[in-house]
Amino acid sequence: KRLAKLVGIEGTDRLDALRTPYEPEVREVPSEEDLAQLLKSFSPGHKWWWPTWALITYGCRPAETFSLQPSSDGTARVLSVKRKTKLPEWRTALALPIPAYKDTPERSVPWDVTSPAGYDSLRAKQHCDAWQKWLRRQHPTMSLYDIRHAWAIRSISKVPSTSLAAKCMGHTVSVHHNTYHRWLDQADIAAAAAALAG
């Protein structure tokens, strides 16, 4: 529309009728069994095993796994990296372990980020690109963000508060609802159906 106006084409307002609202892509989200199988498919000593376990267990962004530091109480300290023009800051993430991997393995990351000032977005991208390529060789249809989304969907039935799940993921509540509304709606309807049946 801007280009048409720039070159002097008339009637550009009619283009507004062609605009469609943005709809996020519906992802094929791996199940707990898929995630357990993924971890079983390679050795705990492998370069990407611990970051993959951390991504599955804590649902952080892939680039955040390099800073994730688990605690013994089922939480972890992790840097929120999606902050435009600001340094990352620490937040608390929540463990939702899959049944096959309830214990916290020894931390082993290919790049250890211990402070907000130590975070380098270019280096994080290089590591995440290599990790994603490795994952695609193992499972051609799975992405690192599919694993993050799987955590969010598991959180619907396991975390009592949607706002708490959003906070653990580093989201606002509105972003969380917009991204996961389909699964949140399904859970609400299933809960209402169970209450009516009981």
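The paragraphs below set out a description of the structure included in this document. Counting from 1, residues in each chain are numbered in the order their sequence is written. Under the rules for a predicted model, residues below a pLDDT of 70 receive no local features and side-chain atom pairs below 80 are neither given nor counted, while totals for whole chains, interfaces and linings still include all residues. Excluded from the side-chain calculations are hydrogens and water; all other atoms, namely the structure's heavy atoms, are used.

## Details of the pairing of strand β2 (residues 75–80)
Next up, step 1: Each pair of strands is called paired provided DSSP finds at least two bridges between the two strands. Secondary structure is summarised from DSSP: a helix means a run of H or I of at least four residues, a strand means a run of E of at least two, and numbering begins at the N terminus for each. Sheet topology note: the strand β1 (residues 69–70)/β2 ladder contains two bridges and is antiparallel. Across the sheet, the residue bridging to Pro70 is Ala76, located in β2.
Next up, step 2: The antiparallel hairpin formed by β1 and β2 contains four residues in its connecting segment, where Gly74 sits at a positive phi of about 90°.

## Some words on helix α7 (residues 173–197)
Next up, step 1: By this rule the span expected of a helix is its residue count minus one, scaled by 1.5 Å. Along its 25 residues, α7 runs just 30 Å from first to last C-alpha, ending more than 12% under the 36 Å computed at 1.5 Å per residue.
Next up, step 2: We define the bend at any residue as the angle between the axes fitted to the seven residues before and including it, ending there, and the seven starting there. Taken as a whole, α7 carries its principal kink of about 80° at Tyr180.
Next up, step 3: Exposed residues in this analysis have more than 50% of their type's maximum accessible area, buried residues have under 20%, and partly exposed residues fall in between, with area computed by a 1.4 Å probe over protein chains only. The complete set of buried residues in α7 reads His176, Tyr180, Trp183 and Leu184.
Next up, step 4: Any two residues having at least one pair of non-hydrogen atoms within 4.5 Å are treated as being in contact. Elements in contact with the buried residues of α7: α5 (144–158) and α6 (162–169).

## Here we look at the side chain of Arg91
Next up, step 1: Mapped onto the fold, Arg91 is located in strand β3 (residues 89–94).
Next up, step 2: For Arg91, a relative accessible area of 10% puts it in the buried group.
Next up, step 3: Polar contact is defined as a pair of N or O atoms within 3.5 Å, subject to the rule that within protein one atom must be able to donate a hydrogen and the other to accept it, and that residues adjacent in sequence are counted only when both atoms are side-chain atoms. Reaching out from Arg91, the side chain makes a polar contact with the side chain of Glu64 at a distance of 2.9 Å.
Next up, step 4: In this structure the side chain of Arg91 is engaged in a polar contact, spanning 3.4 Å, whose partner is the backbone oxygen of Met169.
Next up, step 5: Apart from residues no more than four positions distant in its own chain, Arg91 is found in contact with Cys60, Arg61, Glu64, Ala76, Arg77, Val78, Leu79, Ser80, Lys167, Cys168, Met169 and Gly170.

## A word on the packing of aromatic side chains
Next up, step 1: Pairing of aromatic side chains requires ring centres within 6.5 Å, counting the rings of Phe and Tyr and the six-membered ring of Trp. Pairs whose planes differ by under 30 degrees are stacked, by over 60 edge-to-face, and all others tilted. A full pass over the atoms with the stated rule returns nine aromatic pairs.
Next up, step 2: A ring pair is formed by Trp50 and Trp53, whose centres lie 5.7 Å apart and whose planes are at 45°; its orientation type is tilted. Taken as a pair, Trp50 and Trp53 lie in helix α3 (residues 49–58) at a separation of three residues, close to a single helical turn.
Next up, step 3: A residue is classified by how much of its surface remains accessible, and Trp50, at 1% relative accessible area, is buried.
Next up, step 4: By relative accessible area, Trp53 is classed as buried at 2%.
Next up, step 5: Measuring from ring centre to ring centre gives 6.0 Å for Trp53 and Tyr58, while their planes differ by 80°; the resulting arrangement is edge-to-face. Both residues of the pair, Trp53 and Tyr58, count as buried.
Next up, step 6: Taken together, Trp48, Phe66, Trp111, Tyr119 and Trp131 form an aromatic cluster joined through their ring pairs.
Next up, step 7: As a reminder, the over-ring test applies to NZ of lysine and CZ of arginine, requiring each to be within 6 Å of the ring centre and within 35 degrees of the ring normal. Geometry around Trp90 places Arg77 over its ring, the cationic atom sitting 3.7 Å from the centre.
Next up, step 8: Above the plane of the ring of Trp50 lies Arg107, whose end atom (NZ or CZ) is 5.6 Å from the centre.

## Brief notes about the state of the cysteines
Here is the idea: a disulfide is a covalent bond, and it sits between the sulfur atoms of two cysteines.
Next up, step 1: Defined by distance alone, a disulfide is two cysteine sulfur atoms within 2.5 Å. Taken as a whole, this structure holds zero disulfides when the rule is applied.
Next up, step 2: Considering cysteine sulfurs only, Cys128 is the nearest to Cys60, which forms no disulfide, with 9.8 Å between them.
Next up, step 3: With no disulfide of its own, Cys168 lies closest to Cys60 among cysteine sulfurs, the gap being 11 Å.
Next up, step 4: On the basis of relative accessible area, Cys168 is assigned to the buried category, the value being 6%.

## Observations regarding the environment of Val175
Next up, step 1: Within the secondary structure layout, Val175 lies in helix α7.
Next up, step 2: Since its relative accessible area comes to 37%, Val175 is described here as partly exposed.

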